[in-house]
Amino acid sequence: MSASLNAAVATATSTATSTAPGPACAEPLAVLGRDVTVPLVTGGEVTYAALDYAASAPALQRVWDDVAAYAPYYGSVHRGAGYLSQLSTDLFEQSRATVAEFLDCRPSDQVVFTRSTTDSLNLLAAVIPADCQVFVFETEHHASLLPWTNAQVSYLNAPRTPAEAVATLERALADREPYGPALVCVTGASNVTGELWPVKELAAAAHAHGARIVLDAAQLAPHHPVSVRDLDVDWVAFSGHKLYAPFGSGVLAGRADWLQQAEPYLAGGGASRKVSRREDGGVDVEWHTTAARHEAGSPNVIGVYSIASACRALTEAGFENLVAREQQLVARVREGLAEVPAVRVLSLFGDDAPRVGVISFVVDGWNSSHFAAALSAEYGIGVRDGLFCAHPLVRTLLGSEPQAQGECGAPEAAPGERSLNAIRVSFGAGTPDEHVERFVRAVKELVTDGAKWQYRTEEGRCVPAV
C-alpha cells in the first residue's frame, strides 16, 4: 500500500489511538452507556448497571472512537481501484493481522471473519471431513453443541473436575471406531459458571489420540489472554460483541487445510478466484485458497475493524491488570452471595475453580425471572435469567431431569413459583466497582425484605404490574 494511504489510515485512527489506556491502567475501561440513566419503578432514576457482559459486552469507547474516525473513509474492500476502497481493503487486512497477533496464531494459520462464534463453529462443521467423529461435552453452549449435524457425534457427560474432563475425553477417544478423523469441541470458560476449562490438557489428549480440537473462546477471550500456540489448539472461535466490539462480526482462526480442502461455506463473489463457462454450457469455478474462500459477499468491514480495535485496546491496557481487577470483582460478588443462605451459586468444578466474571445462581423461594425483573425495575441492574442457551448444563447443575421443560428465555412460571432457570451476573473490563456493590446490596435486600413492587407474567416474561 502506498505511503499516502498509510498516512490516511494513521490520520483516521489517530484521535482514538491517542486516548488508549496505558499499561498501568487499574480503573475500568471506558465503555459506551456508562452514564446512561434508567427509571426505577419505585420512582426516580439511577445509572444503569450493565451486568450482562456474557450476553453482549458494552462497546469500548476506544472502539467506538476508532470506528467513528474511520467511517468517512469507508469503502468496499477487495474490489475497488479508488482511494477509499484501497484504504478500506488495507484496514481490513491489517485487522486480520491484528487478530492473528492477539491470538498468537502460528504463521500457517488462517483468520477467517464470520458473523459470530455460532457462525464460526457452523463454518467449521461445514468443512470437516465426511467421516469425521466429533466429541463435545454436554456442558457446552448451544453454539458448540448443535452445529455437527453431518457428523457422528459423541456427547460426553458433564465432568465434576478438570481432571475428570481430561480422563473422560481420553476414554472416549481411545474407544472410537473406526480410527478416522476426529474433532473435539470445548469451551474455554463456561458461559454459565464462568469456570475455566483445562484447554491445554484437553488439546494434548486430543492430539495424543489423533484428533483435532476447536476452542470456543466466546467467554474466554474478553477476560483472559488466548494463545493458539501455547494452548496448542487447532482452531479458536470468538465473537466481537462479547469482546467489547459492536456490529456483529466473529472470528475462526487456525489450521488452513480443512478450510482449503472443503467447498466454500458460502458460494459467491469474493470466494471465487476464477469463473468460466464450459463448452457444454456449465460453469467451472476456481475457489480461493486463502481465508477469502469462506468470506463470500461484501464483508462487514466496520465489524471487522471494531474487533481489531478491541484487540489493540485490551492488549495496550495490559491483560495482567484487567485480569487482576476482574478477579477482585469476582471475589466480591462471590463473598457477597455467600453471605445470603438462600442463594446457591452454580458450579461444576467447585468453589476453588478459577473462573472469569460470569456467575450463575438460584435463590430459594424465588422464581428466577421474578428476581431478575426486580433487580432491573427496583435497582437499575441488568442481569440475565434463563437457561443461557446451555440447557443440558443448567439442568445438570439444577439437578433436574434431562427432559424437563425449560427455555432459553424466561419461564411461564409466575412470581413466587419455582422455575427451571437460573440468574446470571456477568461483568468485565468496563464494570465499575459501584455496579458490583449495588448488585450485592440488592440481592441481600430482595432476599431479606422482598420486592417492593408487584409483578406479573406477560408473554413469558416477568414484568412490573402497572
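Residues numbered from 1 in each chain as written. Predicted model: local features only at pLDDT ≥ 70, side-chain atom pairs only at ≥ 80, totals over all residues. Heavy atoms only, no water.

A. How the structure looks around the packing of helix α6 (residues 162–174) against helix α7 (residues 199–208). Packing of α6 against α7 brings their axes to within 9 Å, and their N-to-C directions diverge by 15 degrees. Overall, the two elements α6 and α7 adopt an arrangement that is roughly parallel. In this structure, α6 meets α7 at a crossing whose hand is right-handed. Contact residues: Ala165, Val166, Leu169, Glu170 and Leu173 in α6; Glu201, Leu202, Ala205 and Ala206 in α7. Grouping the amino acids of the contact of α6 with α7 by side-chain chemistry returns seven nonpolar, no polar and two charged. (Axes fitted to C-alpha atoms, helices over the stretch in contact; angles between N-to-C directions. Helix = DSSP H or I, 4+ residues; strand = E, 2+ residues; numbered from the N terminus. Parallel < 35°, antiparallel > 145°, perpendicular 65-115°, else oblique. Left-handed = near helix turned anticlockwise from the far one by under 90°. Contact = heavy atoms within 4.5 Å. Nonpolar A, V, L, I, M, F, W, Y, C, P; charged D, E, K, R; others polar.)

B. Looking closely at the confidence of the model for the chain. In the predicted model, the chain carries a mean pLDDT of 90, and 91% of its residues have values of at least 70. A low-confidence stretch, residues 14–24 stays under pLDDT 50, and its non-local contacts, those more than four residues away or across chains, total 17 contacts. Scored below 50 in pLDDT, residues 402–412 shows 35 contacts in the model against residues more than four places distant or in partner chains. (pLDDT = per-residue confidence, 0-100.)

C. How the structure looks around unusual backbone geometry. Its identity is not glycine, yet aspartate 232 carries a phi of approximately 60 degrees, on the positive side. Here aspartate 232 is to be found in the loop between α8 (228–231) and β9 (235–239). A relative accessible area of 37% places aspartate 232 in the partly exposed class. Its identity is not glycine, yet glutamate 459 carries a phi of approximately 55 degrees, on the positive side. Along the chain, glutamate 459 falls in the loop between β18 (455–458) and β19 (461–464). (Buried < 20%, exposed > 50% of the residue type's maximum accessible area, 1.4 Å probe, protein only.)

D. Main features of the environment of leucine 145. Position of leucine 145 among the secondary structure elements: in helix α5 (residues 142–145). Linking leucine 145 and alanine 390, residues 245 residues apart in sequence, is a C-alpha distance of 8.6 Å. Residues contacting leucine 145, with those up to four places away along its chain left out, are Val136, Phe137, Glu138, Glu140, Tyr155 and Pro392.

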